[in-house]
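# Residue-level structure breakdown
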Amino acid sequence: MPTILPVVYFKVKNMNAREVVKSHQNLKYQYDNDIADVFEEYLQTDYRRAAKELFVAAVGDVEGQRVLELSCGTGAIARGLKQAYPSASILGSDISSGMIALAREIEAAEPLGIQYLVGDAMTQGAVDGGNYDVVVAHCLFCYAKDKTELRSMAQTCYENLRPGGRLVLAVNNDVWTRTSIKRPYRAGVSIFQAPISGRNPVDTQEGEQCQCNVKLADGKTETSWHYHWGEQTCLQMLESVWFSQAKLEPFTLELVPDSQRFDSGYTSFVDFPFSSILPAWKPE
Ligand SMILES: C[S@@+](CC[C@H](N)C(=O)[O-])C[C@H]1O[C@@H](n2cnc3c(N)ncnc32)[C@H](O)[C@@H]1O
């Protein structure tokens, strides 16, 4: 981890994230608050590192291609792609100025040539001319409060691709959502995820707001809020904005080389993934 990470970046708001994010407007900017530095620490756990690396593997070869990452956060996926495919041109975009500030700090400390900008994936339209070969988004759709917002996100993905371009999303896994009751630590993290209504996770409704508590081995916690959209809803939304060949794919150990299949992060993640892969294509 770069030495700059302990620096406090997120005095952006004079408010307590824990108290305010339940309104949608504040939920959109929740990562501007004090969770971003803990989020970066969460990314270092074996479980979350595996999620990132398996997603990078699922995206696959982007050598020499223009790639846009929506909801890039602190840039973990963008860096993973750039390290794997150095000639890719990568632009990361996120609604949170705090997350982008941290992504830029990391880029300044360890330059890879990734560009970052602040933008709302529901409204930003074509970014830097659009026409990307590949658009990726790892955990974006779960921040749409209703189907109108979900559609706007899907449209932004579509609008930014060239004809024949490829989209790769990670969307929340239905099984994870519905069985997410308190679990023991696995690969460095314990996650408690449930509807804020108090409803049993097994009965989570479409569009329902959920709270996710991530607890790290050192006792630090990250609390964030999102909305539940089932995998099929996400897939249908892509089809409704004219993506083709959209299909849900599970994370499997086949995504990693044989030598790494016993890595406890990979096995823990594949055994109980919080997301599924959703690739789709913009027709020629
Ligand atoms: C769980 S983090 C994931 C970050 C990154 N994709 C990763 O996996 O490391 C979710 C990110 O989505 C961003 N986000 C939420 N709503 C967004 C929106 N409407 N447009 C762009 N980014 C958004 C948040 O600011 C946050 O950085």
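Because the structure is a prediction, the values reported are computed rather than measured. (Residues numbered from 1 in each chain as written. Predicted model: local features only at pLDDT ≥ 70, side-chain atom pairs only at ≥ 80, totals over all residues. Heavy atoms only, no water.)

With that settled, the discussion passes to unusual backbone geometry. Within the chain, Cys-139 stands out as a residue other than glycine whose phi angle is a positive 75°. Examined against the element boundaries, Cys-139 turns out to sit in the loop between strand S4 (132-138) and helix H7 (147-160). Accessibility expressed as a relative area gives 15% for Cys-139, which makes it buried. Not every positive phi belongs to a glycine, and Ala-187 is a case in point at roughly 45°. Tracing the sequence through the fold places Ala-187 in the loop between helix H8 (174-178) and strand S6 (189-195). Ala-187 gets classed as buried once you look at its relative accessible area, which sits at 18%. (Helix = DSSP H or I, 4+ residues; strand = E, 2+ residues; numbered from the N terminus. Buried < 20%, exposed > 50% of the residue type's maximum accessible area, 1.4 Å probe, protein only.)

It is worth spelling out the site of the ligand at this point. Around the ligand lies a shell of 21 residues, among which Ser-71, Asp-94, Asp-120, Ala-121 and His-138 are the nearest. Note that a nitrogen atom of the ligand is positioned 2.7 Å from one of the backbone N or O atoms of Ser-71. Note that a nitrogen atom of the ligand is positioned 2.9 Å from one of the backbone N or O atoms of Ala-121. Protein contact buries 98% of the 600 Å² of open area that the ligand shows by itself. (Near = heavy atom within 4 Å. Polar contact = N/O pair within 3.5 Å; in protein donor to acceptor, adjacent residues only side chain to side chain. Areas by Shrake-Rupley, 256 points an atom, 1.4 Å probe, with all protein chains shown as cover.)

Note on soluble globular proteins: their nonpolar side chains tend to be buried together. Formed by 83 residues in total, the largest nonpolar core has its most connected members in Leu-81, Phe-141, Leu-167, Leu-169 and Leu-238. Broken down by element, the residue count for this core peaks at 7 residues, all from helix H4 (residues 46-59). Apart from the residues within four sequence positions on either side, Leu-167 is in contact with Val-135, Cys-157, Leu-161, Leu-238, Phe-243, Leu-278, Pro-279 and Ala-280. (Core = buried A, V, L, I, M, F, W, Y, C linked by side-chain atoms within 4.5 Å. Contact = heavy atoms within 4.5 Å.)

Glancing now at the environment of Ser-87. Among the structural elements, Ser-87 can be located in the loop between helix H5 (76-84) and strand S2 (89-94). Between the alpha carbons of Ser-87 and Pro-279 there is a distance of 22 Å; along the sequence they are 192 residues apart. There is a polar contact of 2.6 Å between the side chain of Ser-87 and the side chain of Glu-63. Within the structure, Ser-87 has its side chain in polar contact with the backbone nitrogen of Gly-64 (distance 2.8 Å).

Read across the open sheet, the 3 strands follow the order S6-S7-S8; overall the sheet is antiparallel. Only two strands of the sheet have a single neighbouring strand rather than two, namely S6 and strand S8 (221-227). Averaged over all adjacent pairs, the angle separating strand axes in this sheet is 15°, with direction ignored. Of the pairings in the sheet, the one linking S6 to strand S7 (residues 209-216) comprises 7 bridges and is antiparallel in character. In the sheet register, Pro-195 faces S7, and the bridge partner there is Cys-210. (Pairing = 2+ DSSP bridges. Axes fitted to C-alpha atoms, helices over the stretch in contact; angles between N-to-C directions.)

The values reported here are purely geometric and, on their own, carry no functional implication.
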